Amino acid sequence: SSSSAHPPLDLLLAVAKFHPFLASGEMHDSQELLSWLMGALHEDLNRVRKRPPGGQAVVVDGDQLATYGPERCAAEAWQEHLRQNRSVIV
């Protein structure tokens, strides 16, 4: 198999078709591009078609943390996250 290099401008122009903000000519860093790209991939690959009600971030206060422990609080927060987000990106 042969491999060849692709100019970064080609990637930018391809991505700009879907995210015009990146085509504005303003300077954007790689973190911004990768953040957008990972978010777009996650949304496209998310197997949750209809999000269940709720969808709020789990907020744990100090009392709950002391009562239930960090492992249980983390597990419950992760389960809530997975109810809303099921893609290979997660």
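(A) Looking closely at the overall build of the chain. Along its length, the chain carries 4 helices and 0 strands. Secondary structure of the chain in N-to-C order comes out as α-α-α-α. A globule of 90 residues ought to have a C-alpha radius of gyration of about 12 Å, yet the chain, at 19 Å, is considerably larger. Across the 90 residues in the chain, those meeting the buried criterion constitute 16%. Taking the contacts inside the chain whose residues are at least 6 apart along the sequence as the reference set, 60% of them involve residues at least 24 apart. With the model as given, the accessible surface of the chain reaches about 7300 Å², and the carbon-plus-sulfur share is 59%. Separation between the mean location of the 8 positive side-chain charges and that of the 11 negative ones in the chain comes to 14 Å.

(B) The arrangement of helix H4 (residues 70-84) in detail. In a regular helix each residue adds 1.5 Å, so 15 residues correspond to 21 Å; H4 covers 22 Å between its end C-alpha atoms and thus fits that length. Listed in full, the buried residues belonging to H4 are Cys73, Glu80 and Gln84. The buried residues of H4 occupy an angular sector of 45° when the element is viewed end-on, so they sit on one face. Against the buried residues of H4 lie helix H3 (62-68).

(C) Local environment of a nonpolar patch on the surface. A cluster of nonpolar side chains, Leu34, Leu37, Met38, Leu41, Leu45, Val88 and Ile89, forms an exposed patch at the surface whose accessible area comes to about 580 Å². Within the element layout of this structure, Met38 appears in helix H2 (residues 30-45).

(D) Here's a closer look at the environment of Leu65. Note on placement: Leu65 falls in helix H3. Overall, Leu65 belongs to the partly exposed group, its relative accessible area being 40%. In this structure the C-alpha to C-alpha distance between Leu65 and Leu33, which are 32 residues apart in sequence, comes to 36 Å. Sequence-distant contacts of Leu65, defined by excluding residues within four places in its chain, comprise Val60, Pro70 and Cys73.

(E) Examining the pattern of salt bridges more closely. One pass over the structure, following the stated rule, counts 2 salt bridges. The closest approach of N and O atoms between Arg83 and Glu80, which form a salt bridge, is 2.9 Å. With Arg83 and Glu80 both in helix H4, this residue pair falls 3 residues apart, about one helical turn.

(F) Examining the environment of Ala16 more closely. Residue position: Ala16 is located in helix H1 (residues 8-16). Owing to a relative accessible area of 12%, Ala16 belongs among the buried residues under this scheme. Linking Ala16 and Gly69, residues 53 residues apart in sequence, is a C-alpha distance of 45 Å.

Cut-off values and rules
- Residues numbered from 1 in each chain as written.
- Predicted model: local features only at pLDDT ≥ 70, side-chain atom pairs only at ≥ 80, totals over all residues.
- Heavy atoms only, no water.
- Helix = DSSP H or I, 4+ residues; strand = E, 2+ residues; numbered from the N terminus.
- Rg over C-alpha atoms; globule rule 2.2 N^0.38 Å.
- Buried < 20%, exposed > 50% of the residue type's maximum accessible area, 1.4 Å probe, protein only.
- Contact = heavy atoms within 4.5 Å.
- Areas by Shrake-Rupley, 256 points an atom, 1.4 Å probe, with all protein chains shown as cover.
- Lys, Arg positive; Asp, Glu negative; His and termini not counted.
- Charge placed at Lys NZ, Arg CZ, Asp CG, Glu CD.
- Expected span 1.5 Å × (residues − 1).
- Arc of directions from axis to C-beta.
- Patch = residues over 30% accessible without salt bridge, like charges linked within 9 Å, V, L, I, M, F, W, Y side chains within 5 Å.
- Salt bridge = Lys/Arg side-chain N within 4 Å of Asp/Glu carboxyl O.

These values are about where atoms sit, not about what they do.
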